[in-house]
Amino acid sequence: MGLLNKFFFVTLRVWKYQFLSDCKNSIGKPKCFHPLLIKGNGTISFGKNVQIGVVASPNYYSHYTYLEARNESSSIHIGDNVTINNAFSAVAFSKITIGDDALIGVNCNIMDNDGHNLNPLERNSNSIPTSEVVIGSNVFIGDNVTILKGVTIGANSVIGSGSVVTKNIPENTIVAGVPAKVIRNLK
């Protein structure tokens, strides 16, 4: 990619999303190879050597990474040496933690909430069920994975592409499917 192309198609987009970001409690500075939009009234923290975006990967020119810590008490913590591929989103109403050395594939989503209340009488209220999500250290999450509220993924585990994770995953485990089920243990 030429310098002019990189400036117009990458650098300007990264700056645009930095300008549009409104989270006042952002701690740390990730390496952004892809636009990053951080929103909300909570805290979003980045460890050392966090990479956002991968050049030689799908959605590089067309998407962005979205992180939102919605409320003042909400938080997203991303550990050290984490690589997050293109088109990732994480929305925290309570807390999302991503451990050190995690690898996250293209177009993955993490939500610690239902988005709206599931009770039809309370669907438009601000009463939204939420439960913390914890991704352990050295976890590899494949492409197009969705991780739902209340899930803890143990260290060293692998989540197969296209999976929807609805329940806790033990350490050193490979899971895949909708909903994700144990395929085998790594040890």
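Heads up: the structure comes first, above all this text.
Not measured: the values here are computed from a predicted model.

A. Layout of the overall build of the protein chain. Secondary structure summary: the protein chain contains one helix and 20 strands in total. Computed over C-alpha atoms, the radius of gyration of the protein chain comes to 17 Å, within 12% of the 16 Å expected from 2.2 N^0.38 for 187 residues, which places it in the range of a compact globule. The principal-axis extent of the C-alpha atoms belonging to the protein chain is close to 45 × 45 × 25 Å. A buried classification covers 43% of the 187 residues belonging to the protein chain. Of the accessible surface of the protein chain, which amounts to about 9700 Å², a share of 55% is contributed by carbon and sulfur atoms. The protein chain carries 16 positive and 12 negative side-chain charges, and their two centres are separated by 6 Å.

B. Structural detail: the sheet that holds strand β15 (residues 146-147). The parallel open sheet is built from six strands, whose spatial order is β3-β6-β9-β12-β15-β18. In this open sheet, the two strands that pair with only one neighbour each are β3 (36-39) and β18 (164-165). The pairing of strand β6 (residues 65-69) with strand β9 (residues 89-92) spans four bridges and is parallel. By the bridge assignment for β9, L67 is matched with A90.

C. Representation of the sheet that holds strand β20 (residues 181-185). Across the sheet, which stays open at both edges, the eight strands sit in the order β2-β5-β8-β11-β14-β17-β19-β20 with mixed pairing between neighbours. A strand with exactly one partner marks an edge of an open sheet, and here the two such strands are β2 (31-32) and β20.

D. Region of the structure containing the nonpolar core. Among the nonpolar cores identified, the biggest contains 35 residues, and L67, I98 and I147 are the most heavily contacted of them. When residues of this core are traced back to their parent elements, those giving at least two are β3, β4 (43-46), β6, β7 (75-78), β9, β10 (95-98) and β13 (133-135).

E. Fine view of the pattern of salt bridges. By the definition in use, this model includes three salt bridges. The closest approach of N and O atoms between D22 and K39, which form a salt bridge, is 3.2 Å. With a gap of 17 residues between them, D22 in the loop between α1 (3-20) and β1 (25-27) and K39 in strand β3 connect regions that are remote in the sequence. Notably, a salt bridge pairs E68 with R70, separated by 2.4 Å at the nearest N-O pair.

F. Looking closely at the pairing of β4. In this sheet, β4 lies alongside β1 in parallel orientation, the contact comprising three bridges. Bridge pairing in β4 links S26 to I44. Bridge count for β4 against β7 is four bridges, and the pairing is parallel. In the strand pairing of β7, I44 is matched with I76.

G. Focus on the packing of aromatic side chains. Evaluation of the coordinates by the stated rule reveals two aromatic pairs. Taken together, a centroid distance of 4.9 Å and an interplanar angle of 75° make the contact between Y60 and Y61 edge-to-face. Taking relative accessible area as the criterion, Y60 reaches 6% and is therefore assigned buried.

H. Inspection of the side chain of R13 at higher detail. Topologically, R13 is positioned in helix α1. Buried charge R13 goes without a salt bridge, the closest partner of opposite sign being D143 at 17 Å. At a separation of 3.2 Å, a polar atom in the side chain of R13 contacts the main-chain carbonyl oxygen of Y61.

Reading the values: the criteria
Residues numbered from 1 in each chain as written. Predicted model: local features only at pLDDT ≥ 70, side-chain atom pairs only at ≥ 80, totals over all residues. Heavy atoms only, no water. Helix = DSSP H or I, 4+ residues; strand = E, 2+ residues; numbered from the N terminus. Rg over C-alpha atoms; globule rule 2.2 N^0.38 Å. Buried < 20%, exposed > 50% of the residue type's maximum accessible area, 1.4 Å probe, protein only. Areas by Shrake-Rupley, 256 points an atom, 1.4 Å probe, with all protein chains shown as cover. Lys, Arg positive; Asp, Glu negative; His and termini not counted. Charge placed at Lys NZ, Arg CZ, Asp CG, Glu CD. Pairing = 2+ DSSP bridges. Core = buried A, V, L, I, M, F, W, Y, C linked by side-chain atoms within 4.5 Å. Salt bridge = Lys/Arg side-chain N within 4 Å of Asp/Glu carboxyl O. Phe/Tyr/Trp six-rings, centres within 6.5 Å; stacked < 30°, edge-to-face > 60°. Polar contact = N/O pair within 3.5 Å; in protein donor to acceptor, adjacent residues only side chain to side chain.

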